[in-house]
Amino acid sequence: MSNEKLEKIKKELQEDLQNVKTETFLNELKVKYLGKKGLITELNSEIKNIPNEEKKSFGMAVNEIRNLFNTSYDEKLKAFKEEELNKKLASETIDITLPSKKIKRGSLHPMTLITEEFEDLFVSMGYTVYEGPEIESDENCFQKLNIPKGHPARDAQDTFYLKDEFENFLLRSQTSTAQVRAMEENVEKKPLRIVCPGKVYRRDEDATHSHQFMQIEGLVIDENVSMADLKGTLELFCKKILGEKTEVRFRPSYFPFTEPSVEVDVSCFKCQGKGCNLCKQTGWIEVLGAGMVHPNVLQMCGYDPKKYQGFAFGTGLDRFAMFKYGIPDIRTIYGNDIRFIEQFARKDDTYEIK
Ligand code: DAH
């Protein structure tokens, strides 16, 4: 083995190393020089043919070539890996200065909006919000409200009834049932001031009636409560909800659970009382039923009618929503059409996603 051959391999290796442009080529060189039949491997196996006195210098020369390969290989591999990593990092950079996608927030349903408006108003007047169940007993929905079985007032409140062992139960047709519950639950028979918003059910279905709708009930029980309190409260309530210019009119009426009973009209907010299609040319719109709590009801619910009086009122929340928001058909309120509901978003509640 001549030194020439060693030099030749060394030179070839240096040239090859200079030409390394890819990791694949670098690995091919590893096979070429250090593989089973690699050039450096072959040099190793030739040691045995070398005369003893030259073995040492030959061995050193081979080692030098191997070291040259190994150090260059390691350096170049490291450089390739670094380059790869840098490329990856560059392609995955996150620009944290980009504005984020705006989140589209939902909007409250018009019935939620109107319910909250009523609740806020009455809470500000010292009332508490009371919620009763939608499945009620015949007793609570009718009998204890002075509407015994067979009473004609039941006709206007025909509802949905449960079957078999629950045949005494029904879907409440009026939130007035909450009056009974609130009075009975008040075991110490103390004064009461509640509003009860909630769903009620009836066998009706057309543009202004739905089989399910919402009412809000009010009940005040105390000593020395009079019709003047009722009038003052309802006038204030109508003005706050429908506008300060609203005029309020009380007409005698009949409800089995109040005596005397009144129906409350407000001046038409569309034509300001001049007469239009909304108020059917009368200038007035009926909005509430109310009255002084009937002594029979007080008695049946455990209050002493000689000591306590009360007034009560009930109104349809859907009707108020329809008036306030100009909704022509009650069925759209319960249709779950997002295009309808979205219209009630407050401006600052909605952001666009682009
Ligand atoms: N519950 C009645 C209805 O659904 C409305 C009503 C009238 C409620 C008079 C009252 C009231 O509390 O005093 O038609």
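Shown above is the structure to which this text applies.
Residues numbered from 1 in each chain as written. Predicted model: local features only at pLDDT ≥ 70, side-chain atom pairs only at ≥ 80, totals over all residues. Heavy atoms only, no water.

**A closer look at helix 4 (residues 52–91)**
(1) Moving on: In a regular helix each residue adds 1.5 Å, so 40 residues correspond to 58 Å; helix 4 covers 58 Å between its end C-alpha atoms and thus fits that length.
(2) Moving on: Within helix 4, the full set of buried residues consists of Phe 58, Gly 59, Val 62, Ile 65, Phe 69, Ser 72, Tyr 73 and Phe 80.
(3) Moving on: Residues of helix 4 that are buried sit in contact with helix 1 (3–18), helix 2 (23–34) and helix 3 (39–46). (Helix = DSSP H or I, 4+ residues; strand = E, 2+ residues; numbered from the N terminus. Expected span 1.5 Å × (residues − 1). Buried < 20%, exposed > 50% of the residue type's maximum accessible area, 1.4 Å probe, protein only. Contact = heavy atoms within 4.5 Å.)

**Concerning helix 1**
An α-helical segment advances 3.6 residues per turn. Residues three or four places apart therefore align on the same side.
(1) Moving on: With 16 residues, helix 1 extends 23 Å from end C-alpha to end C-alpha; this agrees with the ideal 22 Å at 1.5 Å per step.
(2) Moving on: Listed as buried for helix 1 are Leu 6, Ile 9, Leu 13, Asp 16 and Leu 17. Taken end-on, helix 1 shows its buried residues confined to a sector of 95°, consistent with a single buried face. For helix 1, the exposed residues lying more than 90 degrees away from the buried face are Asn 3, Glu 4, Lys 8, Lys 11 and Gln 18.
(3) Moving on: Looking at the buried side of helix 1, the elements it contacts are helix 2, helix 3 and helix 4. (Arc of directions from axis to C-beta.)

**Looking at unusual backbone geometry**
(1) Moving on: With an omega of -5°, the peptide bond between Glu 259 and Pro 260 qualifies as cis.
(2) Moving on: Relative to the helices and strands, Pro 260 resides in strand 7 (residues 258–267).
(3) Moving on: Of note, Asp 164 is a non-glycine position whose phi angle comes to about 50°, a positive value.
(4) Moving on: Mapped onto the elements of the fold, Asp 164 is located in the loop between helix 6 (138–141) and strand 3 (169–171).
(5) Moving on: One non-glycine residue, Lys 189, adopts positive backbone phi at about 55°.
(6) Moving on: Tracing the chain through its elements places Lys 189 in the loop between helix 7 (177–185) and strand 4 (192–201).

**Quick notes on the site of the ligand**
(1) Moving on: Near the ligand, the surroundings consist of 16 residues, among which Gln 174, Ser 176, Arg 202, Gln 215 and Glu 217 are the closest.
(2) Moving on: At a separation of 2.9 Å, a nitrogen atom of the ligand approaches a polar side-chain atom of Ser 176.
(3) Moving on: Glu 217 is positioned such that a nitrogen or oxygen atom in its side chain is 2.6 Å from an oxygen atom of the ligand.
(4) Moving on: Contact with the protein chains hides 90% of the accessible area of the ligand, taken as 360 Å² for the molecule alone.
(5) Moving on: Residue assignment for the shell around the ligand shows that the elements contributing at least two residues are strand 5 (212–222), strand 8 (284–293) and strand 9 (309–316).
(6) Moving on: Of the residues belonging to the shell around the ligand, the class tally is five nonpolar, nine polar and two charged. (Near = heavy atom within 4 Å. Polar contact = N/O pair within 3.5 Å; in protein donor to acceptor, adjacent residues only side chain to side chain. Areas by Shrake-Rupley, 256 points an atom, 1.4 Å probe, with all protein chains shown as cover. Nonpolar A, V, L, I, M, F, W, Y, C, P; charged D, E, K, R; others polar.)

**Considerations on the pattern of salt bridges**
(1) Moving on: All chains considered together, the criterion is met by 20 salt bridges.
(2) Moving on: Residues Lys 190 and Glu 188 are paired through a salt bridge, measuring 2.7 Å at the closest nitrogen-oxygen approach.
(3) Moving on: According to the relative accessible area criterion, Lys 190 is partly exposed, its value standing at 43%.
(4) Moving on: Put simply, Asp 337 and Arg 339 hold a salt bridge, and the shortest N to O gap is 2.7 Å.
(5) Moving on: Exposure remark for Asp 337: the relative accessible area of 31% places this residue in the partly exposed category.
(6) Moving on: We classify Arg 339 as exposed; its relative accessible area is 62%.
(7) Moving on: Salt bridges sharing partners connect three or more residues here, namely Arg 249, Arg 251, Glu 263, Asp 265 and Glu 286. (Salt bridge = Lys/Arg side-chain N within 4 Å of Asp/Glu carboxyl O.)

**Examining the sheet that holds strand 8**
(1) Moving on: Pairing in this open sheet of seven strands is mixed, and the strands run 1-4-5-9-8-7-6 from one edge to the other. The open sheet terminates on both sides in strands that have one partner only, identified here as strand 1 (128–129) and strand 6 (248–255).
(2) Moving on: With seven bridges connecting them, strand 6 and strand 7 associate as antiparallel partners. Counterpart to Pro 252 in the pairing with strand 7 is Val 262. (Pairing = 2+ DSSP bridges.)

**Focus: the packing of helix 1 against helix 3**
What describes two packed helices is the angle between their axes and the distance between those same axes.
(1) Moving on: Between helix 1 and helix 3, whose axes approach to 11 Å, the crossing angle comes to 160°. Considering their axes alone, helix 1 and helix 3 lie roughly antiparallel with respect to each other. Helix-helix and strand crossings are classified by hand; for helix 1 and helix 3 the assignment is left-handed. Two secondary-structure elements touch here, helix 1 through Lys 5, Leu 6, Ile 9 and Glu 12 and helix 3 through Leu 39, Leu 43 and Glu 46.
(2) Moving on: Across the contact of helix 1 with helix 3, the residue classes break down as four nonpolar, no polar and three charged. (Axes fitted to C-alpha atoms, helices over the stretch in contact; angles between N-to-C directions. Parallel < 35°, antiparallel > 145°, perpendicular 65-115°, else oblique. Left-handed = near helix turned anticlockwise from the far one by under 90°.)

**Section: the side chain of Gln 157**
(1) Moving on: On the secondary structure map, Gln 157 appears in the loop between helix 6 and strand 3.
(2) Moving on: Residue Gln 157 is classed as buried on the basis of its relative accessible area of 12%.

**Points about the packing of aromatic side chains**
(1) Moving on: Applying the stated rule across the entire model yields 15 aromatic pairs.
(2) Moving on: Ring geometry for Phe 118 against Phe 320: centres 5.1 Å apart, planes inclined by 75°, an arrangement best described as edge-to-face. Here Phe 118 is found in helix 5 (residues 110–124), whereas its partner Phe 320 is found in helix 10 (residues 317–325), with 202 residues between them in sequence. With respect to class, Phe 118 is no different from Phe 320; both count as buried.
(3) Moving on: Ring geometry for Phe 311 against Phe 313: centres 6.4 Å apart, planes inclined by 25°, an arrangement best described as stacked.
(4) Moving on: The exposure class assigned to Phe 311 is buried, which follows from its relative accessible area of 2%.
(5) Moving on: You can call Phe 313 buried: its relative accessible area is 1%.
(6) Moving on: Following the ring pairs from residue to residue traces out a cluster consisting of Phe 118, Phe 122, Tyr 127, Phe 237, Phe 311, Phe 313 and Phe 320. (Phe/Tyr/Trp six-rings, centres within 6.5 Å; stacked < 30°, edge-to-face > 60°.)

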